[in-house]
Amino acid sequence: MNKEFLLGLVKEKNIIQSVIIQDKTFAVDNSEITYSDVPVNRPTTRGGVYHTDTMAFKARTTISDHSISAVLSKAMLGPNQEFAQIEVVINNTIRIFANLTNYVQKSTGYDLSLILVDTLPK
């Protein structure tokens, strides 16, 4: 993962244009990328499923398209044995791969919490 590139994105607001989950694209209304603590004391592999460090790049997005509800439960760890690969698209040129860690349904849409796991140019 390109840490320097992601640190540059942390300074910019509302730069995520869309997320792609199970080949379905959803427009993002609002977004933020942060670099912050993860609630672990040391780098660890959690349940043999994924590795986490003590700091991680995270994204929060707001999506008003209610049809996303059909794919969210299939994207999270918990009901599934693996995370589904989620693509976060920035400026139609950058793909960032993420794992969905949490989501909250509101009357205006869905707030997604993601951990960024890899970067690739589109």
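As a reminder, the structure under discussion sits directly above these lines.
Residues numbered from 1 in each chain as written. Predicted model: local features only at pLDDT ≥ 70, side-chain atom pairs only at ≥ 80, totals over all residues. Heavy atoms only, no water.

## Quick look at the overall build of the chain
Which entries qualify depends on this criterion: Helix and strand assignments come from DSSP, with helices taken as H or I runs of at least 4 residues and strands as E runs of at least 2, each series counted from the N terminus. Burial status follows relative accessibility: with a 1.4 Å probe on protein chains alone, a residue under 20% of its type maximum counts as buried, one over 50% as exposed, and anything between as partly exposed. The criterion used for residue contact is that any of the two residues' heavy atoms lie within 4.5 Å.
Counting its secondary structure elements, the chain contains two helices and nine strands. Taken across its 122 residues, the chain has 38% of its residues classed as buried. Pairs at least 24 residues apart make up 55% of the contacts formed inside the chain by residues separated by at least 6 positions.

## Notes on the nonpolar core
Cut-off, in case you're wondering: Residue types Ala, Val, Leu, Ile, Met, Phe, Trp, Tyr and Cys, when buried and joined through side-chain atoms within 4.5 Å, form a set referred to as a nonpolar core.
Counting 29 residues, the largest nonpolar core has Ile 21 and Ile 68 as the members making the most contacts within it. When contributions to this core are tallied by element, the ones reaching two or more residues are α1 (3–10), β1 (16–21), β6 (55–63), α2 (69–75), β7 (86–90), β8 (94–106) and β9 (109–121). With near-sequence residues (within four places) excluded, Ile 21 lies in contact with Phe 26, Ile 68, Val 71, Leu 72, Ala 75 and Ile 86.

## Points about the packing of aromatic side chains
For any two aromatic rings, the description comes down to two numbers: the centre-to-centre distance and the angle of the planes. Counted only if it meets this: Here the aromatic set is Phe, Tyr and Trp, taking the six-membered ring for Trp, and pairing holds for ring centres within 6.5 Å; pairs whose planes are under 30 degrees apart are stacked, those over 60 apart are edge-to-face, and all others are tilted.
Under the criterion given, the structure shown has two aromatic pairs. Summarising the aromatic geometry, the rings of Tyr 35 and Phe 57 are spaced 4.3 Å apart at their centres and angled 35 degrees between planes, so their arrangement reads as tilted. Residue Tyr 35 is found in strand β3 (residues 30–37), and its partner Phe 57 is found in strand β6; the two are separated by 22 residues along the sequence. Given a relative accessible area of 29%, Tyr 35 falls into the partly exposed group. Here the aromatic rings of Tyr 103 and Tyr 110 are separated by 6.2 Å at their centres, their planes lie at 55 degrees, and the arrangement is tilted. A relative accessible area of 28% means that Tyr 103 is categorised as partly exposed.

## Description of the pattern of salt bridges
In plain terms, the rule: Here a salt bridge means any side-chain nitrogen of Lys or Arg lying within 4 Å of a carboxyl oxygen belonging to Asp or Glu.
Taken as a whole, this structure holds two salt bridges when the rule is applied. Where Glu 87 meets Arg 95, a salt bridge forms, and the shortest distance between an N and an O atom there is 3.7 Å. Judged by its relative accessible area of 23%, Arg 95 is partly exposed. A salt bridge links Lys 106 to Asp 111; the nearest nitrogen and oxygen atoms lie 2.7 Å apart. With a relative accessible area of 42%, Lys 106 lands in the partly exposed category. Overall, Asp 111 belongs to the buried group, its relative accessible area being 13%.

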